[in-house]
Each structure stands twice: as structure tokens, then as C-alpha cells.
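Listed below are the residues making up each chain.
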Amino acid sequence: MALALNTSGGVTGAGAGPFIVSLSPSGTNRVLFAGIAYYHTIATLTSVTFNGVAMTAVPGGSYDPGGDLHIRWFYLIAPDTGAHDFSYTFSGAVFDSGVALTVWTDCDQTTPYGTPVGAAATSTTPSVDVTSAADEYVVDTLIIFHSGTLTVGASQTEIANAICPNAFAKHAGSYETGAATTTMSWANSASQFWATMGVPVKPAGVAPTGQPSTKRLAGVPWMTPTRFSGVW
């Protein structure tokens, strides 16, 4: 089996939350990824859960480029199957926020992620280059101050794209088949400050073929115990 998207979703919010959306994972070797982006000066995330289970921060998946924009990535190995709620909450009321959620099947159950990469600028073309591989996917989450219309890159599949409740910002997310360098790009009809971060999603490991060296050498006379005991 190959790495594949099982289900996806998203939600936006303003205030402290909790902000809740239902997902229905299924399949084997499941991993849930959550890319949360928000606009605020000092508020922090205090809870990120799926079906009441705390999700784990992706190492290196924290990005604070300035302008009071923030991105945080989380994951959960083997999320419960069936319809359950994803929820995130802040320490105080934020101006605007959003999350892009993806559940993957046949995903690595030990280290399901590669190295996250963030980027930020003021322009009409948000983008980030992520090192990946052909058997992987890359997921991104994006926050941009609101003005104009936001459109996903042609090679990506959009999973979220919405004006946040207070209309200070827009939030979006997508995924794309991996490559040595995978560019996650968007186009906004007005130049605004934006922040984005992409994360490679890794497939489940492939079982080794053949026999281990100790098995391959079994029965070879010069490797048997008698060879070293003086018995020929």
C-alpha cells in the first residue's frame, strides 16, 4: 500500500475557542496532521486534541515570522476511527485563526514527518519550498492579512481557504505530491503580509527483503563453531 490522503477538513475562529470540527478517520497506519495559523500579539495555544487525546507538536513545526502571525504544526499517530471532534484552544482571545487538517493512511507510525519549512513576506505570491521525495506528500498551512482573493497553486489540492471571522486574515491549506523540492504556492489578488509552513508526510516503512546476514551464513563450514575449536 502507498501513502494516501484519507480525509481532510478545517475550521476558522476568532476568540479563545475551543474551535471544533469533526473528522472521520479510517484505514490502517493512520496519522493526523494539524496546521494551525493565527494572528495575535501574545496568545498561545493551550490545547490541541482529537477525540480528547492531546496531539504532539511536530519538531521544528513552530514559525513566528513577525507581524503577530504564528504557525504551529501538530500530529497524532493512530487517531481513533469514526466521527470524532478535533479541537484547539488559546490562552486568550486571538484576532483570527484557522486550521488545516489531514489524515493519512499507510503513513510512518514512528516518525511520520520530514523537516518543516516556513516562509513569510509581503507579496501577492505566498510560497515555500520544502525538501521531500516522490513517495511522500507535502501539506501546508497559510495565513495572510485579508484583502483580495486567495487562489491555490495549480499543482496542489486545496483543503481550506476561508476569510476568518473577524476578517483581519484569511487562512488556507493544501497538499501536493512530494518531489526533491516541492513548492507550495498561492496567489492573492492584493499584496499583503503572509506566513506559511509546509511539512513532508512520510510513508510507512517497507519491510526488508532477503535474509539477515546471520541467516545467510548459516551452514557455511568456515563460519561454524567447530572451525574455531580445532575440529575440521
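Residues numbered from 1 in each chain as written. Predicted model: local features only at pLDDT ≥ 70, side-chain atom pairs only at ≥ 80, totals over all residues. Heavy atoms only, no water.

**Q** Which residues make up the overall build of the protein chain, and what values go with them?
**A** If you tally the helices and strands in the protein chain, you get one helix and 17 strands. Considering the protein chain as a whole, with its 232 residues, one finds that 46% of them fall into the buried category. A separation threshold of at least 6 residues defines the contact pool for the protein chain, and within that pool the share at least 24 residues apart is 81%. Total accessible area on the protein chain stands at roughly 10300 Å², and carbon and sulfur atoms take up 55% of it. (Helix = DSSP H or I, 4+ residues; strand = E, 2+ residues; numbered from the N terminus. Buried < 20%, exposed > 50% of the residue type's maximum accessible area, 1.4 Å probe, protein only. Contact = heavy atoms within 4.5 Å. Areas by Shrake-Rupley, 256 points an atom, 1.4 Å probe, with all protein chains shown as cover.)

**Q** Now, about the sheet that holds strand β15 (residues 169-177): what can you tell me, with residues and values included?
**A** Spatial strand order, β10-β17-β12-β15-β14: five strands in an open sheet with antiparallel pairing. Because the sheet does not close on itself, it has two edges, and the strands there are β10 (117-123) and β14 (157-163). Taken pair by pair, the neighbouring strands of this sheet meet at an average axis angle of 15°, ignoring direction. Here six bridges tie β14 to β15, and the two strands are oriented antiparallel to one another. Paired with A162 across the bridge in β15 is H171. (Pairing = 2+ DSSP bridges. Axes fitted to C-alpha atoms, helices over the stretch in contact; angles between N-to-C directions.)

**Q** How would you summarise the nonpolar core if you had to cite specific residues and measurements?
**A** Ranked by internal contacts, the top residues of the largest apolar core, which has 26 residues, are F33, W73 and W104. Elements represented by at least two residues in this core include exactly β3 (31-39), β6 (56-66), β7 (69-77), β9 (94-105), β12 (137-145), β15 and β17 (192-201). Per element, the largest residue contribution to this core is five residues, and it comes from β17. Grouped together as the second largest cluster of nonpolar side chains are 21 residues, L23, Y38, L45 and V94 included. (Core = buried A, V, L, I, M, F, W, Y, C linked by side-chain atoms within 4.5 Å.)

**Q** Any chance you could break down the pairing of strand β11 (residues 127-131) for me, citing the residues and the numbers?
**A** Across the two faces of β11 the burial differs, with V128 and V130 buried and S127, D129 and T131 not buried at all. Relative to strand β16 (residues 181-188), β11 runs antiparallel, the two sharing five bridges. In the strand pairing of β16, V130 is matched with T182.

**Q** With reference to specific residues and values, describe the pattern of salt bridges.
**A** Evaluated as defined, the whole model comprises two salt bridges. Salt-bridge contacts for R72 lead to D64; the nearest nitrogen and oxygen are separated by 3.0 Å. Since its relative accessible area comes to 42%, D64 is described here as partly exposed. For K202, the salt bridge identified is with E136, shortest N-O distance 2.6 Å. Here E136 lies in the loop between β11 and β12 and K202 lies in the loop between β17 and α1 (213-216), a separation of 66 residues in the sequence. Residue K202 is classed as partly exposed on the basis of its relative accessible area, which comes to 27%. Looking at E136, the relative accessible area reads 7%, which means it is buried. (Salt bridge = Lys/Arg side-chain N within 4 Å of Asp/Glu carboxyl O.)

**Q** Let's hear about the confidence of the model for the protein chain: which residues, and what values?
**A** Per-chain confidence: the protein chain averages 92 in pLDDT, with 88% of residues scoring 70 or above. Counted against residues more than four places away or in other chains, residues 213-232, with its pLDDT under 50, gives seven contacts. (pLDDT = per-residue confidence, 0-100.)

**Q** Requested: an account of the side chain of S97, with residues and values cited.
**A** Tracing the chain through its elements places S97 in strand β9. The exposure class of S97 is buried, given its relative accessible area of 0%.

**Q** Break down the packing of aromatic side chains for me, with residues and values.
**A** The full count for this structure, using the stated rule, is 14 aromatic pairs. An aromatic cluster is present here, built from F19, Y38, F86, Y88 and F90 joined pairwise through their rings. (Phe/Tyr/Trp six-rings, centres within 6.5 Å; stacked < 30°, edge-to-face > 60°.)

**Q** Kindly report on the sheet that holds β16, identifying the contributing residues and their values.
**A** Ordered in space as β11-β16-β13, the three strands form an open sheet in which the pairing is antiparallel. Each edge of the open sheet is held by one strand with a lone partner, namely β11 and β13 (150-152). For this sheet, the mean inter-axis angle between neighbouring strands, taken without regard to orientation, is 20°.

**Q** Can you explain the environment of T12? Please cite residues and give values.
**A** Tracing the backbone shows T12 in strand β1 (residues 4-15). When the C-alpha atoms of T12 and K170 are compared, they prove to be 8.9 Å apart, with 158 residues separating the residues in sequence. Leaving out residues up to four positions away in the same chain, T12 has contacts with F19, Y88, S97, G98, A162, I163, C164, P165 and H171.

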